[in-house]
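Structure at a glance
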Amino acid sequence: MAKKVAVVGAGVSGLLSLKCCVDEGLEPTCFEKTEDIGGLWRFKENVDDGRASIYQSVISNTSKEMSCFSDFPMPEDFPNFLHNSKALEYFRLFAKKFDLLKYIQFQTTVLSVKKHTDFATSGQWVVVTENNGKEQSAVFDGVMICSGHHVFPHLPLESFPGIQKFKGQYFHSRQYKHPEGFEKKRILVIGIGNSASDIAVELCKKAAQVFISTRHGSWVMSRISEDGYPWDLAFHTRFKIMLQNIMSQTVVKWSLEKVMNKWFNHENYGLVPQNKYLLKEPVINDDLPSRILYGAIKVKSRVKELTETSAIFEDGTVEENIDVIVFATGYTFSFPFLEDLIKVENNMVSLYKFIFPPQLEKSTLACIGLIQPLGPIFPAIELQARWVTRVFKGLCTLPSERTMMEDIIKRNKKRIDLFGESKSQILQTGYISYLDELAVEIGVKPDILSLLLKDPKLAVKLYFGPCNSYQYRLVGPGQWNGARNAIFTQKQRILKPLKTRAIKTSSTFPVSFLLKILGLLAVVVAFFSQLQ
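Owing to the predicted nature of the structure, the values given are computational and were not obtained by experimental measurement.

**Regarding a positive patch on the surface**
Residues Lys457, Lys461, Lys491 and Lys499 make up a contiguous surface patch of positive charge. Note that Lys461 resides in helix H14 (residues 456-464). In this structure Lys461 comes out as partly exposed when scored by relative accessible area, which is 35%.

What follows is the structure, encoded as structure tokens:
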């Protein structure tokens, strides 16, 4: 009999988990507390407790070819970066294609997830839910937690002396929806993440003045990169990862700074990070520098104190007549229905590979999407779900609790070295390295050296081209026959929504392909030379 799996939440993580369960012959039931799918990406005018909330203008920071699901490319006429409504449309297409809605119980809240009395031998869970005031209990062989980590706002008012005296309006960025109602206001946005930058840029079109306060600064990147292609297509390649691995840290850091300052000099704009050599997630915003350039946004240091109408900053400057303060100070995450099974202690999440609680006698509970990779999150979520469902089915096994804890501690130390100790970086990890790590567990990591002999054209694409999700459908469990073609046709899907005006195209000799072949051969020669 098929194992029964409870999936908590019908956002991106929940939908991917449902499909992976079905692919592995498991029997999933998804509990979604709202009336529809989409999670974070489904915009609503009102802010609901216990549900992620976004502003109306949210657009993805990662491109469609890098974000799409591995066996379901986005339609070629979709724009390269998606408005939240377009992303939701894609999720609906995905759910329809794989007939996922029939597994979802809407308007059903999970009240508790507890070990069954014989958990030590069965690994089963008792899940209590509530729908229309009626409670129900059911037993499941596995549980996938897909409820996200953008639900509970972090609002550290104690760090802002004088906030009690402030006479203006203040709220967390989670409450922000659109710029109407903020006309002619003097607005202070606290924070320098993607939400803070988006909100500041949007508000400054209507406000009298917008200030953005940052403690540490941030690198800022545009969505547009080399030759006008999406930034992540050029940024996330195996070749670049190889260069980073063989170069000294000094050279890597110098190179990073050069790349980040190529668009504009961050020091001149007051945005240069306090520790510019930490690999923190950059802000992706096409408009922030120009808004600073013409004075609509002014960058300020950390807020030291607030008065009834003004903000006093760490550098001693004062801005008077502040009408509104927007706290874009991030989120905390919590799973009250789990009874402390997932813990955050000493600035560390005790989850093996950000997924499995190591202390359980049976590995039948997993967190999906509780991660912030330095790249698109959807491919990471999908590989997590693929691995978890194979663990639940008994096709993959986990190491001992001791080994898992050692890995968690080691990973956390590396995380701090790379990304720093800020609480906002607790879930941060690398991108390609993490995808490959999960792919090895499943048995789907492509062997590029082997492909160089069998299919050199594909090997070149995999090594020098963008590392997107299709790569993990070429071989092994879940292999998709369309993966190779999807890799070779991605340029077509990138350019299709851009070429809306018919023009004559010029033909060029593909010298770049020859150079990539020579480069790959040089890498192979160097690899075998090290073995001798």
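From this point, the discussion proceeds with the structure in view.
**Comments concerning the sheet that holds strand S6 (residues 134-140)**
With antiparallel pairing, three strands are arranged side by side in an open sheet as S4-S5-S6. Here the strands that pair on one side only, and so sit at the sheet edges, are strand S4 (109-115) and S6. With strand direction ignored, the average angle separating the axes of adjacent strands in the sheet is 20 degrees. When S4 meets strand S5 (residues 125-131), the two strands line up antiparallel, connected through six bridges. Its bridge partner lying in S5, Thr109 is registered against Glu130.

**A few points about the packing of aromatic side chains**
A complete count under the given rule lists 29 aromatic pairs for this structure. Ring geometry for Phe239 and Phe464: centres 4.9 Å apart, planes at 45 degrees, overall tilted. One end of the pair, Phe239, is in helix H7 (residues 238-246); the other, Phe464, is in helix H14, and 225 residues separate them in sequence. Overall, Phe239 belongs to the partly exposed group, its relative accessible area being 26%. According to the relative accessible area criterion, Phe464 is buried, its value standing at 15%. Measuring from ring centre to ring centre gives 6.5 Å for Phe333 and Phe335, while their planes differ by 50 degrees; the resulting arrangement is tilted. Overall, the relative accessible area of 10% leaves Phe335 in the buried class. One aromatic cluster is present, built from ring pairs that chain together Trp41, Phe69, Phe72, Tyr90, Phe91, Phe94, Phe98 and Phe378.

**Points about the pattern of salt bridges**
If you walk through the whole model with that rule in mind, you get 25 salt bridges. Measuring nitrogen to oxygen at the nearest pair gives 3.1 Å for the salt bridge that ties Glu35 to Arg42. Note on Glu35: relative accessible area 41%, which makes it partly exposed. The residue Arg238 makes a salt bridge to Asp436 at a minimum N-O spacing of 2.6 Å. Taken together, the positions of Arg238 in helix H7 and Asp436 in helix H12 (residues 432-442) put the pair 198 residues apart, joining distant regions of the chain. Asp436 gets classed as buried once you look at its relative accessible area, which sits at 10%. Taken together, the shared-partner salt bridges in this structure form one network comprising Lys19, Asp23, Asp71, Glu382 and Arg473.

The rules behind these values
What you see as residue numbers is a count from 1 along each chain, following the sequence as written. Per-residue local features of the predicted model are confined to residues with pLDDT of at least 70, and side-chain atom pairs are confined, for both listing and counting, to 80 or more; whole-chain, interface and lining totals are unaffected and use all residues. Excluded from the side-chain calculations are hydrogens and water; all other atoms, namely the structure's heavy atoms, are used. Think of a patch as exposed residues, more than 30% relative accessible area, with no salt bridge, where like charges cluster within 9 Å and nonpolar side chains (Val, Leu, Ile, Met, Phe, Trp, Tyr) cluster within 5 Å. The Shrake-Rupley method, run with a 1.4 Å probe, gives the accessible areas here. Residue values count only the displayed protein chains as cover. Counted as salt bridges are all cases of a side-chain nitrogen of Lys or Arg within 4 Å of a carboxyl oxygen of Asp or Glu. The sign given to each residue is positive for Lys and Arg and negative for Asp and Glu; His and the chain ends receive no count. By convention, the point assigned to a charge is CZ for Arg, NZ for Lys, CD for Glu and CG for Asp. Counting from the N terminus, the helices are DSSP H or I runs at least four residues long and the strands are E runs at least two residues long. When accessible area is computed with a 1.4 Å probe and restricted to protein chains, residues below 20% of their type maximum are described as buried, those above 50% as exposed, and intermediate ones as partly exposed. Pairing between strands is defined by DSSP: at least two bridges between the two strands are required. Axis lines are fitted through C-alpha atoms, for helices just across the contact stretch, and the angle between N-to-C directions can take any value from 0 to 180 degrees. Between rings of Phe, Tyr and Trp, where Trp is taken as its six-membered ring, a pair exists when centres lie within 6.5 Å; planes separated by under 30 degrees are stacked, by over 60 edge-to-face, and by other angles tilted.

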